[in-house]
Amino acid sequence: MLYDVIIAGAGPVGLLLACELRLADCSVLVLERAEDPYSPLKELPFGMRGITVPTAETFYRRGLLDDIAGGTTHLAVGEDGAPRRRAGHFAGIEFEDSNIETSRWQYRLPSPADTNMAAEMKQIEAVLTDRARSLGAEIRRGHGVDDFGQTENGVTVRIGAESVRGRWLVGCDGGRSTVRKQGGFDFAGSEPLFTGYMAEVEIADPEAIRQERTITSTGFYLQPDPGMIAMLEFDGGAAHRTAPLTLEHIQEVLRRVSQTDVTLTALRLATTWTDRAQQATTYRDGRVLLAGDAAHIHSPLGAQGLNAGLGDAMNLGWKLAATIRGEAPEGLLDTYQDERHPVGAQVLEWSRAQTAIMLPAPQSLAMGSIISDLIGTPSGATYFAERMWNAALRYDLGGAHPLIGRSVPDFELLDGTRVAELLRDGQGLLLDFDGELAQAGALWRDLKYVPGDVRERLGLAAVLVRPDGVVAWACDERPDPAELTRAAFRWFTSAAQVPAM
Ligand SMILES: Cc1cc2nc3c(=O)[nH]c(=O)nc-3n(C[C@H](O)[C@H](O)[C@H](O)COP(=O)(O)OP(=O)(O)OC[C@H]3O[C@@H](n4cnc5c(N)ncnc54)[C@H](O)[C@@H]3O)c2cc1C
């Protein structure tokens, strides 16, 4: 069988991409090296993942938000149900919810996805696996991609002695991606300065290890919950995946970093990471594409990697599907790199900036104290929330209207239907609040024409929304059908398929 798309990796990014491609009716094979999806590192507390606004919106718009985040903490509410105080942190320097001026984010309406959240990796993967399978994606576990070759017309992927054929291959196979390496993609960036640790341990003298983040001359440590240790040692990343994660090693590092004689009596689970920050210089080579950690790696500081990867999948899915169906406007697939590469680069910068502030040097401490002052102001907290939650993400799509390139507000139609519900099947939308664009709206087969007023217009008259929820065109009054037609041609279909107006 010739698959439209072969995806390497059934992590969250590969699974979401499979769902998006199946929504558009492409045949999809997902190859996953691991036999068993289970890992204790995907369960709480190790498997806790911060979810930014665009990711929450993605899940909401595909009807998955309750299943994914419903069982875990909605970070807007504290454990006692009272509004939370801490909204996030930059290099461990916290900012508060009450300082964030969300009114600055002009085009947002209240929705279940309007803040950052947390979810469990195991749950994210389970929900996406179920959905991918129920939409008809084939997922083969215990089948790792070993190598591949491509021609002008397709790819041949080797799994051990077996081969499978597809029209496209997408590497969603994580930070050590085989697809990226075998494909010869350039992976450029900075080398690590530290090894980070998370460990669940038993401590003979727990009072020796402070609960709050404590900076020392070689790194920092904290004990957020009894027996949970998070620490970071500036060792140039030397211990990551080289030193065996034994009780002795963790104790040695903890003693060095905390400058105490703490004694550990048992090690239950531990993991390490570094701040290596690298990004593929191109996300596409012919019929091979990269997404998620395969395309960009960095430290988990700031909770961005999964979010960046899911953003890649949401952006790529509909564009690749339109290309496969032969309906894509010229250059549509190239906009995947144009839009997502800068987002990946920003995430790497965010991670590097945090490392710079955490270095055990007087200069870094001084910079940290300035950041601490700034983050305590409304403007500072709003800036950090905006960057960390990605709440004001805007692609540079050209066009004069300030909403173009941003996430569509969750408008509510007068019958109570929300825009997120209209986006559930992955089709683009033409929202026409005054019902003046019926003729243009009828022309594009894959565009849902939605005439009628909404409860809060935010000053708008009409909005053209891509399948990924990004606004392609908007106007405040008296829509110009010619302008709309140009935007629709750019994003929705090749000119040949639309009769002349
Ligand atoms: C401690 C820690 C905390 C984190 N916290 C956050 C957070 O709060 N928020 C956030 O956004 N991100 C966070 N991250 C990052 C996040 O987990 C990753 O960015 C995310 O898992 C990337 O998803 P992915 O699907 O691209 O890759 P992965 O999750 O790595 O999945 C890749 C899949 O590909 C499979 N595979 C590998 N090689 C092959 C092959 N050759 N063929 C077939 N399959 C293959 C693997 O088995 C795996 O299932 C954290 C990471 C760590 C380590």
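Residues numbered from 1 in each chain as written. Predicted model: local features only at pLDDT ≥ 70, side-chain atom pairs only at ≥ 80, totals over all residues. Heavy atoms only, no water.

**Overview of the environment of Gly-286**
Our working definition: Going along the chain from the N terminus, every DSSP run of H or I of four or more residues is numbered as a helix, and every run of E of two or more is numbered as a strand. Each residue gets one of three labels from its accessible area relative to the maximum for its type: buried under 20%, exposed over 50%, partly exposed in between, using a 1.4 Å probe on protein chains only. Throughout, a contact is declared for two residues whenever any of their heavy atoms are within 4.5 Å.
With respect to the helices and strands, Gly-286 occurs in the loop between strand 18 (284-285) and strand 19 (288-290). A relative accessible area of 36% means that Gly-286 is categorised as partly exposed. Distance in space between the C-alpha atoms of Gly-286 and Glu-152 is 7.5 Å, their sequence separation being 134 residues. When neighbours within four sequence positions are excluded, Gly-286 is seen to be in contact with Gln-150 and Trp-168.

**Details of helix 10 (residues 378-389)**
What counts here: Take the number of residues in a helix, subtract one, and multiply by 1.5 Å to get its expected span.
Relative to the 16 Å expected for 12 residues at 1.5 Å per residue, helix 10 spans 16 Å between its end C-alpha atoms, a close match to the ideal helical length. Those residues of helix 10 that are buried lie in contact with helix 2 (53-61), strand 4 (86-90), strand 5 (93-96), helix 8 (334-358) and helix 9 (362-375). Positive backbone phi, approximately 55 degrees, marks Asn-390, located one or two places after helix 10.

**Structural notes on the domain arrangement of the protein**
The criterion, for reference: The split of the chain into domains comes from an automatic or database domain assignment. By buried area we mean how much accessible surface two parts lose on assembly, using a 1.4 Å probe and totalling the loss over both. Salt bridges are counted wherever a side-chain nitrogen of Lys or Arg sits within 4 Å of a carboxyl oxygen of Asp or Glu.
Its domain assignment divides the protein into domain 1 (2-90 + 119-188 + 279-353), domain 2 (195-274) and domain 3 (419-497). Computed over C-alpha atoms only, the centres of domain 1 and domain 2 are separated by 31 Å. Regarding the contact of domain 1 and domain 2, the summed buried area is about 750 Å², with carbon and sulfur atoms giving 78% of it. Counting the contacts that link domain 1 with domain 2 gives zero salt bridges.

**Quick word on the sheet that holds strand 22 (residues 447-451)**
Heads up, the condition is: In short, DSSP must find at least two bridges between two strands for them to pair. Axis definition: a line fitted to C-alpha atoms, over the contacting stretch in the case of helices. Angles run 0 to 180 degrees between N-to-C directions.
Across the sheet, four strands lie side by side as 22-21-23-24; this open sheet has mixed pairing. At either margin of the open sheet sits one strand with a lone partner, and together these are strand 22 and strand 24 (471-475). Within this sheet the neighbouring strands show an average axis-to-axis angle of 10 degrees, counted without direction. Strand direction decides the pairing type here: strand 21 (residues 428-432) and strand 23 (residues 462-465), joined by four bridges, are antiparallel. Paired with Leu-430 across the bridge in strand 23 is Leu-464. With respect to the sheet, helix 13 (residues 481-491) is in contact with strand 21, strand 23 and strand 24, its orientation differing from that of strand 24 by roughly 175 degrees.

**Quick word on the pattern of salt bridges**
The full count for this structure, using the stated rule, is 27 salt bridges. Between Arg-210 and Glu-212 there is a salt bridge, and its shortest N-O distance comes to 2.8 Å. You can call Arg-210 partly exposed: its relative accessible area is 43%. Across the pair Glu-327 and Arg-325 runs a salt bridge whose closest N-O atoms are separated by 3.1 Å. Here Glu-327 falls in the buried class, since its relative accessible area comes to 7%. What makes Arg-325 partly exposed here is its relative accessible area of 35%.

**Brief notes about the packing of aromatic side chains**
Operational definition: Pairing of aromatic side chains requires ring centres within 6.5 Å, counting the rings of Phe and Tyr and the six-membered ring of Trp. Pairs whose planes differ by under 30 degrees are stacked, by over 60 edge-to-face, and all others tilted. Ring-over charges, as used throughout, are those where CZ of Arg or NZ of Lys falls within 6 Å of the ring centre and within 35 degrees of the ring normal.
With the rule as written, the count across this model stands at 10 aromatic pairs. For the ring pair Phe-411 and Phe-433, a centre distance of 5.2 Å and an interplane angle of 70 degrees mean the geometry is edge-to-face. Residue Phe-411 is found in the loop between helix 10 and helix 11 (419-422), and its partner Phe-433 is found in the loop between strand 21 and helix 12 (438-441); the two are separated by 22 residues along the sequence. Of the two residues, Phe-411 and Phe-433, neither departs from the other in class, the shared state being buried. An aromatic cluster is defined as three or more aromatic residues linked by ring pairs; in this entry it consists of Phe-90, Phe-95, Trp-350, Tyr-383 and Phe-384. Geometry around Phe-187 places Arg-180 over its ring, the cationic atom sitting 3.5 Å from the centre. A cation over a ring is seen here: Arg-466 above Trp-491, with NZ or CZ 4.6 Å from the ring centre.

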